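Listed below, chain by chain, are the residues.
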Amino acid sequence: MASIKKFQVTFDCAEPERVARFWCEVLGYVVPPPPEGFATWDDFDRSLPTERQGSAFVCMDPSGVGPRMYFQRVPEGKVVKNRLHLDVRVGTGLVGEERLAVLEAECARLVALGAVRVRILRADGVNESCIVMQDIEGNEFCLD
């Protein structure tokens, strides 16, 4: 049997720190301590060559269970739908109006952080309801 591997989720974006801090708020993640020898991430960033400053940022699950998330600056903007997206699982085990109420409450919280509500997909007998959203740079995700 193959061993389970840890993985990292990487986002291409224009503003790595801004997007990382958004996802920290969404998921309850934290920014890890700066590298040894640096008091802050800003100190570390200033030590890099000018062209690399602000080019990446990281956040992580404080419990160590969830994947590390890496945000890297890329020159091109987002132009098409994601081929992969995150499902933020806030309604697990809930159905009907109770599920919708939980999804709507979380949607309101995330909109206040800068997310965009795209549409609601209502339960169809096979899948439960979810809300399709976009993060602060337009990357799609679902509240599930």
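Residues numbered from 1 in each chain as written. Predicted model: local features only at pLDDT ≥ 70, side-chain atom pairs only at ≥ 80, totals over all residues. Heavy atoms only, no water.

J.: Got a sec to walk through the sheet that holds strand 5 (residues 116-121)? Specific residues and values, please.
T.: The sheet built from four strands is open, its strands ordered 4-7-6-5 with mixed pairing. Two strands bound the open sheet, and with one partner strand each, they are strand 4 (86-88) and strand 5. Ignoring which end each strand starts from, the neighbouring axes of this sheet average 25 degrees apart. With three bridges connecting them, strand 4 and strand 7 (residues 140-143) associate as parallel partners. The residue of strand 7 that forms the bridge with Asp87 is Cys142. Each of strand 5, strand 6 (130-134) and strand 7 touches helix 3 (residues 96-112); the most contacted strand, strand 6, lies at about 10 degrees to it. (Pairing = 2+ DSSP bridges. Helix = DSSP H or I, 4+ residues; strand = E, 2+ residues; numbered from the N terminus. Axes fitted to C-alpha atoms, helices over the stretch in contact; angles between N-to-C directions. Contact = heavy atoms within 4.5 Å.)

J.: Any details on the sheet that holds strand 2 (residues 56-59)? Residues and values, ideally.
T.: Strand order in this open sheet of three strands is 1-3-2, and the pairing throughout is mixed. The open sheet has two free edges, formed respectively by strand 1 (8-13) and strand 2, since each of these has just one partner strand. Pairwise comparison of adjacent strand axes, ignoring direction, gives a mean angle of 20 degrees for this sheet. Where strand 1 meets strand 3 (residues 68-73), six bridges bridge the pair, whose relative direction is parallel. Within strand 3, the position partnered with Phe11 by the bridge is Phe71.

J.: Let's hear about the nonpolar core: which residues, and what values?
T.: Proteins that are soluble and globular tend to have nonpolar side chains buried together. Trp23, Met69, Phe71, Leu110, Met133, Phe141 and Leu143 are the most contacted members of the largest nonpolar core, which totals 24 residues. Those elements that provide at least two residues to this core are strand 1, helix 1 (16-27), strand 2, strand 3, helix 3, strand 6 and strand 7. Looking at this core element by element, the count peaks at six residues for helix 1. Apart from residues lying up to four places away in sequence, Phe71 is in contact with Phe11, Cys13, Pro16, Val19, Ala20, Trp23, Ser55, Ala56, Phe57 and Cys59. (Core = buried A, V, L, I, M, F, W, Y, C linked by side-chain atoms within 4.5 Å. Buried < 20%, exposed > 50% of the residue type's maximum accessible area, 1.4 Å probe, protein only.)

J.: Break down the layout of surface pockets for me, citing the residues and quoting the values.
T.: Taken as a whole, the largest pocket spans an internal volume of roughly 520 Å³. Around the largest pocket, the lining is made up of 24 residues, and of these Phe11, Asp12, Lys78, Asn82 and Asn139 lie nearest the centre. When contributions to the lining of the largest pocket are tallied by element, the ones reaching two or more residues are strand 1 and strand 7. No other element matches strand 1, which puts five residues into the lining of the largest pocket. Across the lining of the largest pocket, the residue classes tally to twelve nonpolar, five polar and seven charged. Computed from the structure, the second largest pocket encloses a volume of approximately 350 Å³. Taken together, 16 residues line the second largest pocket, and the ones lying closest to its centre are Trp41, Phe44, Asp45, Ala56 and Phe57. Where the lining of the second largest pocket is concerned, the elements lending two or more residues are helix 1, helix 2 (41-47) and strand 2. (1 Å grid on protein atoms, 1.4 Å probe; cavity = no way out; pocket = protein on both sides within 12 Å on 5 of 7 lines; lining within 4 Å. Points joined across faces, edges and corners; volume = space filled by probe spheres on them. Nonpolar A, V, L, I, M, F, W, Y, C, P; charged D, E, K, R; others polar.)

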